[in-house]
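Structural overview
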8 protein chains.
Amino acid sequence: MNEGRLRDLLEGLLKGKISLEEGLERLKLLPFEEIEVACVDHHRSLRRGAPEIIFGEGKEVSDILAIMERIDGQDENILITRLSEDKAEEVLKRFPEAVYHERARALTYTPNETEDRGRGLILVVCAGTSDIPVAEEAAVTAQFMGNQVHRIYDVGVAGLHRLLSHRERLAEASVIIVVAGMEGALPSVVGGLVDKPIIAVPTSVGYGASFGGIAALLGMLNSCSSGVTVVNIDNGFGAGYAASLITRVKGG
Amino acid sequence: MNEGRLRDLLEGLLKGKISLEEGLERLKLLPFEEIEVACVDHHRSLRRGAPEIIFGEGKEVSDILAIMERIDGQDENILITRLSEDKAEEVLKRFPEAVYHERARALTYTPNETEDRGRGLILVVCAGTSDIPVAEEAAVTAQFMGNQVHRIYDVGVAGLHRLLSHRERLAEASVIIVVAGMEGALPSVVGGLVDKPIIAVPTSVGYGASFGGIAALLGMLNSCSSGVTVVNIDNGFGAGYAASLITRVKGG
Amino acid sequence: MNEGRLRDLLEGLLKGKISLEEGLERLKLLPFEEIEVACVDHHRSLRRGAPEIIFGEGKEVSDILAIMERIDGQDENILITRLSEDKAEEVLKRFPEAVYHERARALTYTPNETEDRGRGLILVVCAGTSDIPVAEEAAVTAQFMGNQVHRIYDVGVAGLHRLLSHRERLAEASVIIVVAGMEGALPSVVGGLVDKPIIAVPTSVGYGASFGGIAALLGMLNSCSSGVTVVNIDNGFGAGYAASLITRVKGG
Amino acid sequence: MNEGRLRDLLEGLLKGKISLEEGLERLKLLPFEEIEVACVDHHRSLRRGAPEIIFGEGKEVSDILAIMERIDGQDENILITRLSEDKAEEVLKRFPEAVYHERARALTYTPNETEDRGRGLILVVCAGTSDIPVAEEAAVTAQFMGNQVHRIYDVGVAGLHRLLSHRERLAEASVIIVVAGMEGALPSVVGGLVDKPIIAVPTSVGYGASFGGIAALLGMLNSCSSGVTVVNIDNGFGAGYAASLITRVKGG
Amino acid sequence: MNEGRLRDLLEGLLKGKISLEEGLERLKLLPFEEIEVACVDHHRSLRRGAPEIIFGEGKEVSDILAIMERIDGQDENILITRLSEDKAEEVLKRFPEAVYHERARALTYTPNETEDRGRGLILVVCAGTSDIPVAEEAAVTAQFMGNQVHRIYDVGVAGLHRLLSHRERLAEASVIIVVAGMEGALPSVVGGLVDKPIIAVPTSVGYGASFGGIAALLGMLNSCSSGVTVVNIDNGFGAGYAASLITRVKGG
Amino acid sequence: MNEGRLRDLLEGLLKGKISLEEGLERLKLLPFEEIEVACVDHHRSLRRGAPEIIFGEGKEVSDILAIMERIDGQDENILITRLSEDKAEEVLKRFPEAVYHERARALTYTPNETEDRGRGLILVVCAGTSDIPVAEEAAVTAQFMGNQVHRIYDVGVAGLHRLLSHRERLAEASVIIVVAGMEGALPSVVGGLVDKPIIAVPTSVGYGASFGGIAALLGMLNSCSSGVTVVNIDNGFGAGYAASLITRVKGG
Amino acid sequence: MNEGRLRDLLEGLLKGKISLEEGLERLKLLPFEEIEVACVDHHRSLRRGAPEIIFGEGKEVSDILAIMERIDGQDENILITRLSEDKAEEVLKRFPEAVYHERARALTYTPNETEDRGRGLILVVCAGTSDIPVAEEAAVTAQFMGNQVHRIYDVGVAGLHRLLSHRERLAEASVIIVVAGMEGALPSVVGGLVDKPIIAVPTSVGYGASFGGIAALLGMLNSCSSGVTVVNIDNGFGAGYAASLITRVKGG
Amino acid sequence: MNEGRLRDLLEGLLKGKISLEEGLERLKLLPFEEIEVACVDHHRSLRRGAPEIIFGEGKEVSDILAIMERIDGQDENILITRLSEDKAEEVLKRFPEAVYHERARALTYTPNETEDRGRGLILVVCAGTSDIPVAEEAAVTAQFMGNQVHRIYDVGVAGLHRLLSHRERLAEASVIIVVAGMEGALPSVVGGLVDKPIIAVPTSVGYGASFGGIAALLGMLNSCSSGVTVVNIDNGFGAGYAASLITRVKGG
């Protein structure tokens, strides 16, 4: 219940349009309604022209189209993650202006022009070519959220010189997303070079004792470099989203 | 090798003060020296009047005092984490102006006045009273790094109303650190209420199937709220440090 | 051996119809027979017109039909869980009055009218749309066991207001089944709102460090809300069955 | 904000005692206040003469006494779990009417006569003598919550006849709490004998591959007996509390 | 090198048929030859008319046929485990007298009549219908090794009476193999009823927290019944083989 | 209820000493009594002059003495495992004829002469000196159960020749217990040398990735030698007991 | 920046061809360039006529061909690991002189004659036939790196005599690679026979509690034989590569 | 049985000094004796003036002294690892010429001058000061085995420049031992800089999700740098020993 509605209610009461009992009844339901309203508002303020996000995995094309059509009238942009290529084709038939990002396996639909609401540059670094899909999911998410994004791919710790040659880009970035599988050492190394917030994304790339990303995850959680925080295995979206929140920090 | 020294070298060469061979020899060693210098400088720029950080666990009092004395002349502030009370007493005998934060098990020594270089407010939230030591480590770290810190303690998900009553503080914060043991659900709930960067800290609080913090860690990594990133179990320092980097994000 | 048969034996002995040795021989076998009888009776009392339950996974259609036909004459209702759609079609050809619950992947066949033997209302809550199959298995089981069932779906902790808006349904329920994957935080939140028995069902929904439901399972076992008990990952049936036993508690 | 206060506010508004703006301001804060009130009320309804529960582990005696003294005036009963004997002695000096349950490591303080609000009988079964402390924690909790409790101890599956000899007690119970370490098989066996809600409590009793209770926990989660739900390792309190909620199920 | 060959060598030396150097050379190679011979002999004594065992999984039909043909002239019986039905058909085309045991997924080829060299009765018990393939692998192995085998299937702990009704068979057996998935409680229960060597076989039957047989494995390792030993998950062959060794114990 | 008591009851009935109703009442309680009797008898037959076994860990000396005194009149032998030296001293004060086996941490009290009821020889092999306590627990148990026991200690796989030099003892044994920590490879090697039942006991000896015996346990479960079965980590008693059951196999 | 380029720069400066500022600018970028150059050089010295290594798994044929064509002009040899047979066929169409090693699933393309730069003999030992693919990957890698390689396959610890019969080959080798699945005991046994560096490779061969190679991995890490080091599960390439580095140790 | 003894035997036979039967009897025992001799010889050739190694942990001082005294006459050097300071003091009283290495927790006793039998330089690198004890164990072992050892301590990946400044030492070494806890990333980084055999030693240093060294272990096993092999957690001795074997590789 926003202030406007509350004022209406009280004025109605004062003007005798609604009885005390009726006002009481409506106010008794306030807490839950209000929270709902508050949350929706709060979300809405976030979402002006922006993020309606759909996790595509396991959803039928028909479900996805239904959600998109419901939102379509509301002038909101849409990001669908984990969307297979064949499903994306179906969606594109209906929404030809949407864009499918193949490597990121993500689709964006942006009827509203995205205003650049992030105020810094997000750099996405990844260790090996197999980590690129996760890195791209992070990059596409960050762009969709209104940020400028740079990419440095295929710079694992076994070839430090490649990473070091990008020193300027490291220095420019506001936040750095580091994506790595196997032993997950790259965030520590990057964290030793710069004093920026680093979001580390372990990937399930590897075999044997990589245990589907556990080795990388543990490596990152135990990073000896301060300033590294971690998201779930393969969670490129989460990293891109968190980085976007950071670039929007008010006094930051 | 900073620019000044490089210029000196080249000018000395041009002026004949040093021979071509000598110049060659000195330049051949440049890369490694230079990196060292670069890194130190880079660290130094960070450290003006600020963080020399010592992990106190497992260190002898004599080691700690030796490090502190070496730094003391350099006008730098010092933070020692994981310092037991009895060791702290020894340190305080030698550095009586230092302050021991008992609940955080941390000691700060700040001969330089800390300039407020963080530009937002960091909020530290924790779920239960047993999580307070980790929360305090995060809070003391963030303050030491020059940030303003608010605390909301003992607001677990089993008593949502306590958390909701602090809605204004949630809205004010630039970054929120959420500390929780057991099932680690609190960061998801906070993340559902606000659109801020949230750093989740699992604690080893609990018993049985909490497995020393694994349950909380997994809960946080799988958070259904976007924008949550995670640090190691009980790593209050890491959270405080990462939050400080976020409040300093340039364009952020 | 029930009392009737025992009395017959003793009277036969007294009347000389059976010899002492013969009586002795028959009584020596009593313990095992008796337990068998006791258990069967006990089961039977449970099953009057009710639950013959078949775990469908891995069973051939021919096996299932054989079991159903054997039971069919006995006026018992049948529930088959984890039955794929194509197998269900085969069963429906032979038992056209049976009902296949597609989302629950369960089939019910109820020649006996189910008397409402549960005496309260069971509420099934789930966190995300992907959790619905498990939630439906719980709901269909509870209904099959003679309970009234309400459903509140898609109310994860990241959107608390949706959950709070159902406050009346939470208040009405006798038992609440809460189904959630990922971090499994929902049961704790529900448990913080009401003082009802809560049966938490972790699901294998998620990826990466959700480890096929382990994260949710651990989260639920470590719930900070009292009154939460847990069943196996994806075990919707077990939750529905346990909830049914609770609504039938005599003095409860 | 309860109805009385809401009515006062509206009447004050109608009577001109408070201005529209002031009313608006106070109502804007309603949602959070209200939830707090609602929750407290809801808790209060639960707590008439009953459970204030304190987790004693890791708390100082002074903390415990402070909490107890704050509550003391409010006519509420108090249960302290995981309280070591030496701490208990300190508490008893100050509250001599309190009772320390040594085997359960729990202390109860019940200035209010506990009304029997549970409406059935709770049976606590345990497998071995080493499981007794956890079983007693469950039993003491259930009694404190106003239930009648029976105990059958030391009836492991390796001596089935001991369990079977208690068949009448099994039949009488409304809810059965089964406590077992090692392989945790007892709940399955009990669940095969009766159709009651069974709350299984794994204990950390055992060595080697019992892994501090994991073996028992997994055994219980995979129970082949329907109707078994599980709580955390060694969580006797949780089992006793959940069982108490079950015996209070309204229509149950 | 058996005694005969050694004697020949020494006699040849004494008779001058072989020179000292030649004898020396041949004796220098003795240790390794001898061990080889010893082992082969030792194996051979075991194998008179019996077990050549082939692990079929992952082997091509051509490999299997090659091994069988090489052995065929040597009058030995052959057991192939983990052989899929389609591979078995290929083998049967070439060895039509072989027998394929479908449920056990094993093939036996016994040109030599198996003498009953086991001197007791091996009983194979399993908990659920899904455990039958593993139980059958154990049973077929034990029969192939020359033992008499009884089977009691589908007698889980949730229906104790079914197990108890087989009390005579339990009493007759020399060794009992107990096969169970899920919580793996059956061996403990059987071990509580009889004082026989029990070989427990965990199966990968189950879902969720059964973790592919880990729950059953841990349950069995932590059995509270003495006399229970355990083999690998799904290792029916290993159980059948070990049981066969037990029935052949000399003074046993 | 043994045959004698049953006959008395029926004769009393026939002679009119007890009424039909009274007989009925007493027989109704038979099943459970009978099982109890049966089990006790069955245990008793096992226990003639033999195993009352007490797990000493965690028991108070007073508890142990109470059990021993209760048994003392019944002419039974007693084995107490996991008994610390200081507790043993207390027990020996009261039962000076008892024997404390220091390395095995076990106490035996054998007022009845143990008849040699095992009919073979049990060989206990261990890999390193640190494994000796577990090996001794196995050996003392097997001796207490009436078996002849040989020991071969400190013969790890890294020094195969030491093991091979005991070839005769390997050949004589009926059952071989192999105790090993670290990688647990010894049972496989022994199993490759002889065709005897081998009971493998993993120990918690080791550090780092031995994970308290898990490495050894897994190694033994995956043994490539057939005929190896496994007990819990450090469970020397279980191995000794199971070996004793094997040497008593009737037709074995 | 190698010495030549540095000298040019300084001479140009002295000769006035480049200004002081320009020299300064170029030198400021030295560190990163230099490291890059150093690393590339260092790699190049390694690669004269040798290892360009491509991890084939997950790469498209087109990607692989692109890399090969780029390298082709540079006179370097190429090794592609984890290449499926059908992809290999595509590669062979374009590079018919390449060789596909079917069992190793590796392809080698060696336009430069490999000089024998390894100075010893590498022996590859494996336990079972299922371990051969991993063993072959190690062997092919070692050969590609310019080493002589011997193979001893199918010599598990359950048949020690087979291993012992190869005593001469064990004695000749410089480094021994031991490949084993299941319990992974073979490296310990080999390590007990010879004093050579042993590289142990666990394989994912096995089932049940082998957990995809974890049992073998732990067994090898806990090896009681000194001198054993371990690589990742199934990492035949890593073992072959490390062994090659060892045979090239200078003063070794 | 060496050639000399064999020749004596055969000549004695030819000369009639020993009978054919006696010769036969002695030769029958050859295989096992011979292996023992072979192994001892083989060890002896290794041990000329060198390594008798004793694992000190868990051994009594009296045991250690007994072993040392037995060896003392044989002119062999002795290394005792994992020896606490107080035990070392006892040993030094009896063997005052021995040396206790405090940080390594190792004692060396070298009556024979160690000839430099390793032919290269072993470099020991460690990440943090807490890793030094393990690094020192490796270094002391390598020195004891006759190698020259260099140390570079406290060069974690978070401060790459410190590592890079030691580039010459990296280039000189024959083998590099890299010791690291936490995320264990250092071996990958070192492996990216040089093409030497690298032995990685994970340490149990860290907290929370380092899980006592598992994170470091997994990181090292998944190293993206080829040529890295791994030993057990905290196994400095194993790394030092394996490195020593590598520097002794013949043709290497």
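None of the values given here were measured: they were computed from a predicted structure.

Residue placement: E:Tyr207 occurs in the loop between β8 (198–202) and α10 (214–221). As for E:Tyr207 and E:Thr129, which are separated by 78 residues in sequence, their C-alpha atoms are 15 Å apart. Apart from residues lying up to four places away in sequence, E:Tyr207 is in contact with C:Phe55, C:Arg82, C:Asn232, C:Ile233, C:Asp234, C:Asn235 and D:Asn222.

Residues A:Glu85, A:Asp86, A:Glu89 and A:Glu102 make up a contiguous surface patch of negative charge. Here A:Glu89 lies in helix α5 (residues 85–94).

Residues and elements named next belong to chain F. With six of six residues buried, strand β5 (residues 121–126) lies mostly within the body of the structure. Here β5 shows a buried face lined by Leu-121, Leu-123 and Val-125 and a second buried face lined by Ile-122, Val-124 and Cys-126. Bridging between β5 and strand β6 (residues 148–152) involves five bridges; their strand directions are parallel. Pairing of Val-124 across the sheet is with Arg-151, part of β6.

Moving on to the packing of helix α10 (residues 214–221) of chain B against helix α10 (residues 214–221) of chain C. Between α10(B) and α10(C), the least distance of the axes is 8 Å, while the angle of their chain directions is 125 degrees. On the basis of their axis angle, the class for α10(B) and α10(C) is oblique. For α10(B) against α10(C), the interelement crossing comes out left-handed. Along its contact with α10(B), which presents B:Ile214, B:Ala215 and B:Leu218, the element α10(C) presents C:Ile214, C:Ala215 and C:Leu218. Class assignment of the residues belonging to the contact of α10(B) with α10(C) gives a composition of six nonpolar, no polar and no charged.

Our next topic: the pattern of salt bridges. Close approach of charged atoms lets side chains of opposite charge pair. Tallied over the full model, the rule gives 40 salt bridges over all chains. Of the charged contacts, one joins G:Arg94 and G:Glu69 as a salt bridge, the two residues approaching to 2.7 Å between their closest N and O atoms. One end of the pair, G:Arg94, is in helix α5 (residues 85–94); the other, G:Glu69, is in helix α4 (residues 61–72), and 25 residues separate them in sequence. By relative accessible area, G:Arg94 is classed as partly exposed at 38%. The salt bridge partner of H:Arg82 is H:Glu137, with a shortest N-O separation of 3.4 Å. A residue pair is termed long-range when its members are at least 10 positions apart, and H:Arg82 in the loop between β2 (77–81) and α5 (85–94) and H:Glu137 in helix α6 (residues 132–144) qualify at 55 residues. Taken as a pair, H:Arg82 and H:Glu137 share a single burial class, namely buried. Here the salt bridges do not stand alone but share partners, grouping A:Arg103, A:Glu136 and A:Arg151 into one network.

This part is about the domain arrangement of chain A. Residue and element names in this part refer to chain A. Assigned domains of chain A: these are domain 1 (29–109) and domain 2 (121–247). Around 1,100 Å² of area is buried between domain 1 and domain 2 when both sides are counted, 73% of it from carbon and sulfur atoms. In this structure, the connection of domain 1 to domain 2 is made through two salt bridges. In this structure, the connection of domain 1 to domain 2 is made through two residue pairs in polar contact (both at pLDDT 80 or more). Put simply, the parts of the chain that give the side of domain 1 that touches domain 2 at least two residues each are β1 (51–55), β2 (77–81) and β4 (106–109). No other element matches the four residues that β2 contributes to the side of domain 1 that touches domain 2. Each residue belonging to the side of domain 1 that touches domain 2 can be placed in one class, and the counts come to eight nonpolar, four polar and three charged.

A word on the side chain of C:Asp131. Residue and element names in this part refer to chain C. Structurally, Asp-131 is set in the loop between β5 (121–126) and α6 (132–144). On the accessibility criterion, Asp-131 (4% relative accessible area) is buried. At 2.7 Å, the side chain of Asp-131 and the side chain of Thr-203 are in polar contact. Those residues in contact with Asp-131 that lie beyond four places of it in its chain are Cys-126, Val-179, Ala-180, Gly-181, Thr-203 and Val-205.

So, about the packing of aromatic side chains. Within the structure shown, the criterion is met by 24 aromatic pairs over all chains. On the basis of an interplanar angle of 15 degrees and a centroid distance of 6.1 Å, the ring pair of C:Phe55 and E:Tyr207 is categorised as stacked. Of this pair, C:Phe55 sits in strand β1 (residues 51–55) while E:Tyr207 sits in the loop between β8 and α10, placing the two residues on different chains. The exposure class assigned to C:Phe55 is partly exposed, which follows from its relative accessible area of 33%. Ring centres of C:Phe237 and C:Tyr241 lie 5.7 Å apart, and the angle between their planes is 50 degrees; this geometry places the pair in the tilted category. One end of the pair, C:Phe237, and the other, C:Tyr241, are both in helix α11 (residues 236–247), four residues apart, so they sit about a helical turn from each other. With relative accessibility at 13%, the residue C:Phe237 sits in the buried group. Judged by relative accessible area, which is 6%, C:Tyr241 ranks as buried. The ring centre of G:Tyr207 lies 4.2 Å from the NZ or CZ of E:Arg82, which sits over that ring. Above the ring of F:Phe95, the side-chain terminus of F:Arg94 is found at 4.5 Å from the ring centroid.

Next up on the list: unusual backbone geometry. Backbone geometry at F:Asp154 places phi at a positive 65 degrees, although glycine is not the residue there. Structurally, F:Asp154 can be placed in the loop between β6 and α7 (160–164). A positive phi angle, near 50 degrees, is found at G:Phe211, a position not held by glycine. Looking at where G:Phe211 falls in the secondary structure, it is placed in the loop between β8 (198–202) and α10 (214–221). Residue classification places G:Phe211 among the partly exposed residues on the basis of a relative accessible area of 27%.

On to the pairing of strand β4 (residues 106–109) of chain C. All names here are of chain C. Residue alternation in β4 divides its side chains into two sets, Ala-106 and Thr-108 and Leu-107 and Tyr-109, and both sets are buried. Relative to β4, strand β2 (residues 77–81) runs antiparallel, the two being bridged by three bridges. Paired with Ile-80 across the strands is Leu-107, a residue of β4. Summarising the sheet, strand β3 (residues 99–101) and β4 pair through three bridges and their orientation is antiparallel. The partner of Tyr-100 across the bridge, within β4, is Leu-107.

Parameters and conventions
Every chain is numbered independently, its residues counted from 1 as its sequence is written. Lettering of chains starts at A and numbering of ligands starts at 1, both following the order in which they are written. In view of the model being predicted, local features appear only for residues whose pLDDT reaches at least 70, and side-chain atom pairs are presented and counted only at 80 or more, with totals across whole chains, interfaces and linings using the full set of residues. Side-chain metrics in this entry use all non-hydrogen atoms of the structure; hydrogen atoms and water are not considered. For the purposes of this entry, the term helix denotes a DSSP run of H or I that reaches at least four residues, the term strand denotes a run of E that reaches at least two, and both are numbered from the N terminus. Should any heavy atoms of two residues lie within 4.5 Å, those residues are considered in contact. Each patch is built from salt-bridge-free residues with over 30% relative accessible area, joining like charges within 9 Å and nonpolar side chains (Val, Leu, Ile, Met, Phe, Trp, Tyr) within 5 Å. Methods summary: accessible areas were calculated by the Shrake-Rupley approach with a probe of 1.4 Å, and residue burial reflects only the protein chains presented. Should a side-chain nitrogen of Lys or Arg be within 4 Å of a carboxyl oxygen of Asp or Glu, the pair is scored as a salt bridge. Positive charges are assigned to Lys and Arg, negative charges to Asp and Glu, while His and the chain termini are left out of the count. Where a charge lies is defined by one atom per residue type: Lys uses NZ, Arg uses CZ, Asp uses CG and Glu uses CD. We call a residue buried when its accessible area falls under 20% of the maximum for its residue type, exposed when it is over 50%, and partly exposed in between, using a 1.4 Å probe and counting protein chains only. When DSSP locates at least two bridges between a pair of strands, those strands are taken to pair. A fitted line through C-alpha atoms represents every axis, and for helices the fit uses only the stretch in contact; the resulting angles, taken between N-to-C directions, go from 0 to 180 degrees. Any angle that is under 35 degrees is reported as roughly parallel, and any over 145 degrees as roughly antiparallel; angles of 65 to 115 degrees are reported as roughly perpendicular and all others as oblique. Take the far helix as the reference: if the near one is turned anticlockwise from it by less than a right angle, the crossing is left-handed, and if turned clockwise, right-handed. Throughout this entry, Asp, Glu, Lys and Arg are counted as charged residues, while Ala, Val, Leu, Ile, Met, Phe, Trp, Tyr, Cys and Pro are counted as nonpolar. The remaining residues, Gly among them, count as polar. Domain extents, as shown, originate in an automatic or database domain assignment. Buried area is understood as the total, over both parts, of accessible area removed when two parts are fitted together, assessed with a 1.4 Å probe. As used in this structure description, the phrase polar contact means that two N or O atoms lie within 3.5 Å; if the pair is within protein, one of them must be able to donate a hydrogen and the other to accept it, and residues adjacent in sequence are counted only when both atoms belong to side chains. Think of it this way: a Phe, Tyr or Trp ring, Trp meaning its six-membered ring, pairs with another when their centres are within 6.5 Å, and the plane angle makes it stacked under 30 degrees, edge-to-face over 60, tilted otherwise. Ring-over charges, as used throughout, are those where CZ of Arg or NZ of Lys falls within 6 Å of the ring centre and within 35 degrees of the ring normal.

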